[in-house]
Amino acid sequence: MLTLHTNSDKYYGDMEFTAKQIADLIGGRVEGNENATINTFAKIEEGKPGAISFLSNPKYTHYLYDTQSSVVLINEDVELEKPVSATLIRVKNAYESVAKLLQFYDSMTPRKTGIAPTASISEKATVGENVYIGAYAVIGDGVVIGNDTQIYPHTVIGDAVNIGNKCTIYPNVTIYQGCQLGNNVTIHAGSVIGADGFGFAPNTEGYDKIPQIGIVVIEDNVEIGANTCIDRSTMGQTIIHKGVKLDNLIQVAHNCEIGENTVMSAQVGMAGSTKVGAWCMVGGQAGFAGHIHVADKTFVGAQCGVISNTKGDGEQLIGSPAVNPKMYFKARAIDAKLPDMYRQIAALQREIEELKKKD
């Protein structure tokens, strides 16, 4: 059953929804039994009675005809090649619709409130209403925590940090002094916000540390994955603008800036003072050299190495060093021929040497 797990180790009652109720919720159209009930989610290839699945990738279309799920969300333009046993709900975008359903389900999970007896909270901190602070969390001097924010166990919030409303800070997160978070920010376990930027000046005996006196600013509706690190700026601010989504294990160096609604997959690395524009998409393990500017709506492929400013909006880049896909694939096609070309050149050199001997 679609059992809601509360954050206080209790279970709420089981819940069922009909296909019609779901269609009304997401603006869909039912084909089949509008009274078909669902009580869980399942991938279409792992469907079972009582489950709702979705089809958005054409590669999975063949599962539609055999799935055991009771209800399947599909796009309006999908044409059936044979009968299906599941009740269908046609929507404009099945992927977006299932996201809405999952958000609805998640919103029904009660949020934690209350302060654990073992939490350490400075008398100089300001804590809003309906806030949860878990066991062994540490809240420093001058911290401001907004309403409905959740701070999970073993998290450390440094002095003078400002956290907005409805934020969720998961276990073992560390937010260094002075950093600022907007509203509805989510930071997953193990992330570090505001550690020193990597700044050292070489001298005759080694390196002098350059103090990092700036802060990190994270705007509204940002989500940061587990074990991601965002360094404080040398001076001024490292800025993550509103709507940005960062995956796990990402490194954002000092004085970087990430534009609104940009998304980055795991293991991306940004060197200092790099600015990435709005609505960019960055694949896993991509790397950015320092002091460059990436324009809005740039697509950066996985393992791409961006070492210079990009040309303009909508540019696509792959490879390292980064180039446009057409150039990349031309170069890779030549790479495959290099062994044969090497043998041909070697043969020509031998012929030339033989001709020289005859002269």
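Peer 1: Help me understand the nonpolar core in this model?
Peer 2: Note on soluble globular proteins: their nonpolar side chains tend to be buried together. Membership of the largest hydrophobic core comes to 48 residues, with the highest contact counts inside it found for I175, I218 and F288. Those residues within four positions of I218 in sequence are excluded, and the remaining contacts are Q180, L181, G182, V185, I193, I224, I230 and I240. Judged by nonpolar contacts, the second largest core, of 15 residues, contains I26, A36, A94 and L101.

Peer 1: Help me out: how do you make sense of the pairing of strand β9 (residues 87-91) in this one?
Peer 2: Remember that side chains alternate between the two faces of the sheet whenever the strand is regular. Counted residue by residue, β9 has 5 buried out of 5 residues, so it is predominantly covered. What you see with β9 is no split at all: T87, I89 and V91 on one side and L88 and R90 on the other are buried throughout. For strand β4 (residues 29-31) and β9, the ladder comprises 3 bridges, and the chain directions are antiparallel. Among the inter-strand pairings, R29 is bridged to a residue of β9, identified as R90. Here strand β8 (residues 71-75) pairs with β9 via 5 bridges, running parallel. Paired with V71 across the two strands is T87, which belongs to β9.

Peer 1: What's the story with the sheet that holds strand β17 (residues 156-157) in this structure? I'm lost.
Peer 2: Sheet strands line up and pair through hydrogen bonds in the backbone, either parallel or antiparallel. Sheet architecture is open: 10 strands sit in the order β11-β14-β17-β20-β23-β28-β31-β34-β37-β40, paired in parallel fashion. Each having just a single partner strand, β11 (120-121) and β40 (305-306) make up the two edges of the open sheet. Where strand β34 (residues 269-270) lies against strand β37 (residues 287-288), 2 bridges are found, and the strand directions are parallel. Along β37, the bridge assignment pairs M270 with F288.

Peer 1: Where do I start with unusual backbone geometry in this structure?
Peer 2: Along the chain, S320 connects to P321 via a cis peptide bond; the corresponding omega equals -5°. With respect to the secondary-structure elements, P321 resides in the loop between β41 (316-317) and α3 (325-358).

Peer 1: Would you take a moment to explain the packing of aromatic side chains for this structure?
Peer 2: Describing an aromatic ring pair means giving the distance of the ring centres and the angle of the ring planes. For the structure on display, the rule yields 8 aromatic pairs. The interplanar angle of 55° and the centroid separation of 6.0 Å between the aromatic rings of F41 and Y105 together place this pair among those described as tilted. Here Y105 lies in helix α2 (residues 94-107) and F41 lies in strand β6 (residues 40-41), a separation of 64 residues in the sequence. Three or more aromatic residues joined by ring pairs form one cluster here, namely Y132, Y152 and Y170. We note R332 situated over the ring of Y328; from NZ or CZ to the ring centre the distance is 4.7 Å.

Peer 1: What am I meant to see in a nonpolar patch on the surface here?
Peer 2: Together, I334, L338, M341 and I345 give the surface a local cluster of nonpolar side chains, amounting to about 350 Å² of exposed area. Examined against the element boundaries, L338 turns out to sit in helix α3. Residue classification places L338 among the partly exposed positions, given a relative accessible area of 42%.

Peer 1: I'm lost on the pattern of salt bridges in this one. Help?
Peer 2: Working definition: two side chains of opposite charge can pair if their charged atoms are close together. Counted under the stated rule, the structure contains 8 salt bridges. One salt bridge in this structure joins D24 and K20, with 3.0 Å as the shortest N-O distance. Here D24 and its partner K20 are both found in helix α1 (residues 19-26), 4 residues apart, which amounts to about one turn of the helix. Here D196 ties to K209 by a salt bridge, and the two come within 3.0 Å at their closest N and O atoms. Here the residue D196 occupies a position in the loop between β23 (192-195) and β24 (200-203), and K209 occupies one in strand β25 (residues 206-209), the gap between them amounting to 13 residues. According to the relative accessible area criterion, D196 is partly exposed, its value standing at 34%. Members of the salt-bridge network, linked through shared partners, are R29, E31 and R90.

Peer 1: Sorry, what's going on with the sheet that holds strand β36 (residues 281-282) here?
Peer 2: Taken together, 11 strands build an open sheet; the order of strands is β10-β13-β16-β19-β22-β27-β30-β33-β36-β39-β41 and the sheet is parallel. The sheet is open, and its two borders are formed by β10 (114-115) and β41, each paired with just one other strand. Note: strand β13 (residues 132-133) against strand β16 (residues 150-151), 2 bridges, orientation parallel. When the sheet's bridge partners are listed, I133 is paired in β16 with I151.

Peer 1: Help me understand the side chain of T155 in this model?
Peer 2: Its place among the elements puts T155 in the loop between β16 and β17. A relative accessible area of 0% means that T155 is categorised as buried. Engagement of the side chain of T155 in a polar contact is seen with the backbone oxygen of Y170, the distance being 2.8 Å. Once you skip the residues sitting within four places of it in the chain, T155 turns out to touch Y136, A137, V138, I169, Y170, P171, N172 and V173.

Cut-offs used in this document
- Sequence order sets the numbering: in each chain, residues are counted from 1 along the sequence as written.
- Only residues with pLDDT of at least 70 get local features here, since the model is predicted, and only at 80 or more are side-chain atom pairs given and counted; chain-wide, interface and lining totals rely on the full set of residues.
- Working from all heavy atoms in the structure, the side-chain values ignore hydrogens and water.
- What is meant by a nonpolar core is a set of buried Ala, Val, Leu, Ile, Met, Phe, Trp, Tyr and Cys residues, joined one to another through side-chain atoms within 4.5 Å.
- A simple rule labels every residue: compare its accessible area, found with a 1.4 Å probe on the protein chains alone, to the largest value its type can have, and call it buried under 20%, exposed over 50%, or partly exposed in between.
- Whether two residues are in contact is decided by their heavy atoms, any of which lying within 4.5 Å being enough.
- By definition, any uninterrupted DSSP run of H or I lasting at least four residues is a helix, any uninterrupted run of E lasting at least two residues is a strand, and each is numbered from the N terminus.
- For two strands to pair, DSSP has to find at least two bridges joining them.
- Each pair of aromatic rings taken from Phe, Tyr and Trp, with Trp reduced to its six-membered ring, is defined by centres within 6.5 Å and is described as stacked if the planes are under 30 degrees apart, edge-to-face if over 60, and tilted in the remaining cases.
- Note on geometry: a ring has a charge over it if NZ (lysine) or CZ (arginine) is within 6 Å of the ring centre and within 35 degrees of the ring normal.
- Only residues above 30% relative accessible area that lack a salt bridge enter a patch, with like-charged residues linked at up to 9 Å and the nonpolar side chains Val, Leu, Ile, Met, Phe, Trp and Tyr linked at up to 5 Å.
- Here the open area of atoms and residues is found with the Shrake-Rupley method and a 1.4 Å probe, where only the protein chains shown may cover a residue.
- Within this document, salt bridges are pairs made up of a side-chain nitrogen of Lys or Arg and a carboxyl oxygen of Asp or Glu, the two lying within 4 Å of each other.
- Whenever two N or O atoms come within 3.5 Å, that pair is a polar contact, provided that in protein one can donate a hydrogen and the other can accept it, and provided that, for residues adjacent in sequence, both atoms are side-chain atoms.

Just distances and angles here, no functional claims.
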